[in-house]
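Coordinate inspection notes
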Amino acid sequence: MVSGNIFHFRKNSWPPEEYINRTTLQLLDFDGGAPPEQAWRRKLDSHASILKEFSITFMEALKMMRLGLRLWSYVREEASHGRRAPIDPFNREGKPLATQGVPLGGMGSGSITRGFRGEFRQFQILPGTCEASPVMANQFSIFISREGGHKKYASVLSPGQHEGIGKCTDQGLSSWGWNLSGQHSTYHALFPRAWTVYDGEPDPELKVSCRQISPFLPHNYRDSSLPTSVFVYTLVNTGKERAQVSLLLTWANSIGGISHLSGDHVNEPFRGEDGVSGVLLHHKTAKGNHPVTFAVAACETQNVNVTVLPSFGLSEGSSVTAKEMWGKMEQDGHFDQDNFNSGHTAPSSAGDANCAAVSASTWVEPNGKCTVAFAIAWSSPKVKFMKGKSYHRRYTRYYGTSERAAEKLVHDALTNYKRWEEEIEKWQNPILKNDKLPEWYKFTLFNELYFLVAGGTIWIDTPLPAADFMHDQTRQSRITTNDINDNGSTYDEENSFATSSEDEPEGEENRRSNSNNDNEDVGSFLYLEGVEYIMWCTYDVHFYASFALLELFPKIELSIQREFARAVLFEDQRKVKFLADGKSGIRKVKGAVPHDLGTHDPWHEMNAYNIHDTSKWKDLNPKFVLQVYRDFAATGDLSFGAEVWPSVCAAMAYMDQFDRDYDGLIENDGFPDQTYDAWTVHGVSAYCGCLWLAALQATAAMAAQLGDSTSAEQYKRKFIKAKKAFESKLWNGSYFNYDSGSSSNSKSIQADQLAGQWYMASSGLPNLFDEFKIRSSLQKIYDFNVMKAGGGRMGAVNGMHPSGKVDETCMQSREVWTGVTYGLAATMIHAGMEAEGFSTAEGIFTAGWSEDGFGYAFQTPEGWTMDGHFRSLVYMRPLAIWGMQWALSPAKVVLHAPEINMMDRVHESPLDYTSETGVKKIVHKAKCLSGSVFNCSC
């Protein structure tokens, strides 16, 4: 573990006392109402600045002109088929704002984000679709009447602004009481929970806390799949009179955007078990997507009375208008009990909204306290992708395939949320209470996990995609070029890549027949590269992000690796045009690791990315081998290792074609053939070369673990040969050059040059280089890429000239990549450079998350420029912060590699870097393995 306190810019980042009166904190400190010591905080009246998007320079535009024209043509072609291109820089909807907060729900069943001001936005109910604008009818509101009726307060609990507020003729949302200034209200986020504290707003004598809870529960593969969230209100009356308090939840029958106006939406009140009552909102989706049903509910208790209004509209012609609904609550504080017997509402007309309301009313005595709980759930049992295939979502394993499961979901959420919180606290407290860790790191570590909910995640129950891969391998010779589908790709319909869950019987017995095998079958999991880059499980980025899944949901991580392992052995000969050079090739080459699992037909139409031919990329195959070995060693799952071993061998053999001078080392081909897909590489590169060295060592170690001594010896010899070539071509005495070419940036300092070493340290394998080279390189990166880039308050810029000038070869060389910075920080921690590691990562917090930063909280982008302009919000790679936690934690390698005397180290420095930092190293003395070809000192 890290030794000593490591703080840089602030010892205590935003303690709650800076935002909330200490007395208020003490009053709310019961039943979880007080916010935690560590959290990301904002005042509700904080300015929601417009985020600044990156732009390319004139010279970059000239270089990318042909690519831009081809991409524009491709985007239009996809649009003509009713599809969105995976990468579309030409169509942007609205201006992104710095308003995000903790998302609702578990993983893989669609998500909704609640902004820190209280608005519900970022609806991702349909796969690959993000409706970013808030649905302003979706609100919590409060109505307070003091005994005697002399003091009354009514306000939406969000400082929103609407045109026409106060106009007597308005029948819509602007007729409501938007009276909250937000000056004394604060938001506190610690994913998967968030607290909003209203300190005397709108009633100066009523303290209110709203606690948002979602079932994101590490290692709990059941509850973490549930599409539901709970909102627990804690009320404290500091006045001398009794207060009648009514809390109101209003919800539009909408999946975001303008879908509430599409018509044929029906609402239905319900009374459930254990006092759970509310309204079901049945939403008819467009374009043949499967229906969605929302449930909004509250829990009736001895002290809390729940009533509902099944339907109200936002326009003058509605049977009950929003203004009339608000007036009823202001006057009575509740709705009529008879509304529960009203049955289904009439289907809404096109152009008219169909909204519902749930009220929970209670009396709070002077100096008394009370708790009121609401829940929201959405049930969309089937997920349909654009090319037609449908699958059952993971939660249907436990709740069945009816949309009415939403009613059961809110019931279980309201009766189980305390257990969820116990699990969350048990998971988080060891980190939160570790005084040796910086405060900013503790809550940012958890808050970056927002992406596993809001990153477009899809979690399906069926194992069919896996079966399809095996099915396709035996029949791939029948995938021919005879038939051309509507987008120009070849496709043999008879042997199309899917038997979707749509084709399976609908009966519950069939759906849940494997429910007793939950420990092994976790279904299939997808998450997007980003909400702007619509590709599932982008593998070169998953390389960084996967530490989060391995730490928290290892079975999901292994399932993803199995899918890519099967894909390695698979070939898809359908033709694809690559946009960078205009040439054509086949969609998926056997032996090559795919870039992604697809967009509109995942698992069956991989490599949606079509800018470059990724079968020629140099980083994907080594990254596959490194992730597989790390996961194999961390889980100790020998069956997993044996299952993926043929794919590891195939992936490594495939790379031999790129060793053109037979020195054991792969060479890049003079184009951006790696994750930095705009940054050209010539010859041997520090990034890909280091990954390749690490893959050779990992393959040798894995071979030894599995008893394949011949392969172990082969990869050992290749590693020694390649390492010698790598160091002779790239080591310059203080760091590894960007590449072995002769371009103006060949000697640039790349922040990511030791990515392979990061994985060696994370996997319990020996260092790739002697300690002097590792620490010297990291120190150079810290001094130049970190400290000369905004004084260390920006993260690590990708490329820096040895002169101290940012490498502006291309847009990516001059960017700071958030996930790469976290990975670099993890590498530093592994190397015993904890202070430098935390300082490096704190630049991402300062620039992205802090109050003085650019406003990227809960939408961390791929990267930003030196002036803070972002590229690609809500991105996968920043999950790499969990690589830092992996480095800080006690050893997690279950299967230790044999002690491998394969490095033939010759120390080039007499300095002895003996670590006295207290960081617990992963590499331990290993047990002898039968058949090991490595020298073992056991």
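A short tour of the structure in this document, coming up. Only a predicted model underlies this, so the values are computations on that prediction, with no experimental measurement involved. (Residues numbered from 1 in each chain as written. Predicted model: local features only at pLDDT ≥ 70, side-chain atom pairs only at ≥ 80, totals over all residues. Heavy atoms only, no water.)

**Side note on the overall build of the protein chain**
The condition is simple: Labels follow the DSSP assignment, with helices taken as runs of H or I lasting at least four residues and strands as runs of E lasting at least two, numbered in each case from the N terminus. Only heavy atoms matter for contacts: two residues are in contact if any of them lie within 4.5 Å across the pair. Each accessible area is a Shrake-Rupley result for a 1.4 Å probe, and residues are judged covered by the shown protein chains and nothing else.
Looking only at helices and strands, the protein chain has 21 helices and 30 strands in total. By sequence separation, contacts in the protein chain at least 24 residues apart represent 72% of the contacts at least 6 residues apart. Accessible area for the protein chain stands at about 32,000 Å²; split by element, carbon and sulfur atoms hold 49% of it.

**Describing the nonpolar core**
Applicable threshold: Nonpolar cores are built from buried Ala, Val, Leu, Ile, Met, Phe, Trp, Tyr and Cys residues. Side-chain atoms within 4.5 Å join them into one set. Think of it in three bands: residues with accessible area under 20% of the maximum for their type are buried, residues over 50% are exposed, and the middle band is partly exposed, with areas taken using a 1.4 Å probe on protein chains only.
By size, the foremost hydrophobic cluster in this structure holds 282 residues, and its most contacted members are Phe-374, Leu-449, Tyr-527 and Phe-624. The element contributing the most residues to this core is helix H15 (residues 686–705), with 16 residues. Listed in part, the seven residues of the second largest apolar core include Ile-20, Leu-25, Leu-28 and Ala-34.

**Side note on the sheet that holds strand S15 (residues 305–312)**
Using the following cut-off: When DSSP finds at least two bridges between two strands, those strands are taken to pair. Working convention: axes come from line fits to C-alpha atoms, limited for helices to the stretch in contact. Angles between N-to-C directions cover 0 to 180 degrees.
Pairing within the open sheet is antiparallel, and its five strands lie in the order S6-S5-S11-S16-S15. The strands lining the two open edges of the sheet, one partner per strand, are strand S6 (152–156) and S15. Direction aside, the axes of adjacent strands within the sheet are offset by 15 degrees on average. As paired elements, S15 and strand S16 (residues 355–364) share six bridges and run antiparallel to each other.

**So, unusual backbone geometry**
A cis amide bond, omega 10 degrees, links Phe-191 with the succeeding residue Pro-192. Relative to the assigned elements, Pro-192 resides in the loop between strand S7 (185–190) and strand S8 (193–199). Here the residue pair Glu-201 and Pro-202 is connected by a cis peptide bond, since its omega of -5 degrees sits within 30 degrees of zero. Inspection of the secondary structure puts Pro-202 in the loop between S8 and strand S9 (206–213). A positive phi angle, close to 60 degrees, is found at Asp-274, a residue other than glycine. Inspection of the secondary structure puts Asp-274 in the loop between strand S12 (266–271) and strand S13 (276–283).

**Focus on the sheet that holds strand S29 (residues 863–864)**
The strands that make up a sheet are held in pairs by hydrogen bonds between backbone atoms, and each pair lies either parallel or antiparallel. Across the sheet, which stays open at both edges, the three strands sit in the order S28-S29-S30 with antiparallel pairing between neighbours. If you trace the sheet from one side to the other, it starts and ends with strand S28 (816–817) and strand S30 (870–871), each paired once. By the bridge criterion, two bridges tie S29 to S30 in an arrangement that is antiparallel. Across the sheet, residue Gly-863 finds its bridge partner in S30, namely Arg-871.

**Overview of the side chain of Asn-745**
By the secondary structure assignment, Asn-745 is in the loop between helix H16 (709–730) and strand S26 (749–750). For Asn-745, a relative accessible area of 3% gives the class buried. Not counting the four nearest positions on each side in its chain, Asn-745 is found in contact with Trp-679, Tyr-738, His-801, Asp-807 and Thr-809.

**What about the environment of Pro-594?**
In this fold, Pro-594 is placed in the loop between strand S23 (584–588) and helix H13 (620–635). Considering only alpha carbons, one finds Pro-594 and Asn-621, 27 residues apart in sequence, at a separation of 8.7 Å. If we skip the residues at most four places from it in the chain, Pro-594 touches Tyr-539, Phe-564, Ala-567, Lys-588, Met-606, Asn-607 and Leu-620.

**Notes on helix H19 (residues 818–830)**
Every α-helical turn comprises 3.6 residues, leaving residues that sit three or four positions apart pointing alike. In plain terms, the rule: Under the convention used throughout, the expected extent of a helix is 1.5 Å for every residue step, that is, one less than its residue count.
Taking 1.5 Å per residue as the helical rise, H19 with its 13 residues ought to reach 18 Å, and the 19 Å between its terminal C-alpha atoms agrees with that figure. Counting buried positions along H19 gives 13 out of 13 residues, so the element sits mostly inside the fold. In the segment just after H19, Gly-832 is the residue with positive phi, at about 85 degrees.

**Notes on the pattern of salt bridges**
So the rule is basically this: Salt bridges are defined as contacts in which a side-chain nitrogen from Lys or Arg sits within 4 Å of a carboxyl oxygen from Asp or Glu.
A complete count under the given rule lists 48 salt bridges for this structure. Between Asp-661 and Lys-729 there is a salt bridge, with the nearest N and O atoms lying 2.9 Å from each other. Of the two residues, Asp-661 is situated in the loop between helix H14 (638–655) and strand S24 (668–669) and Lys-729 in helix H16; the sequence distance between them amounts to 68 residues. Overall, the relative accessible area of 39% leaves Asp-661 in the partly exposed class. A relative accessible area of 33% means that Lys-729 is categorised as partly exposed. The partner of Glu-815 in a salt bridge is Arg-871, and the shortest N-O contact between them spans 2.8 Å. Of this pair, Glu-815 sits in the loop between strand S27 (799–800) and S28 while Arg-871 is found in strand S30, placing the two residues 56 residues apart along the sequence. Glu-815 gets classed as buried once you look at its relative accessible area, which sits at 1%.

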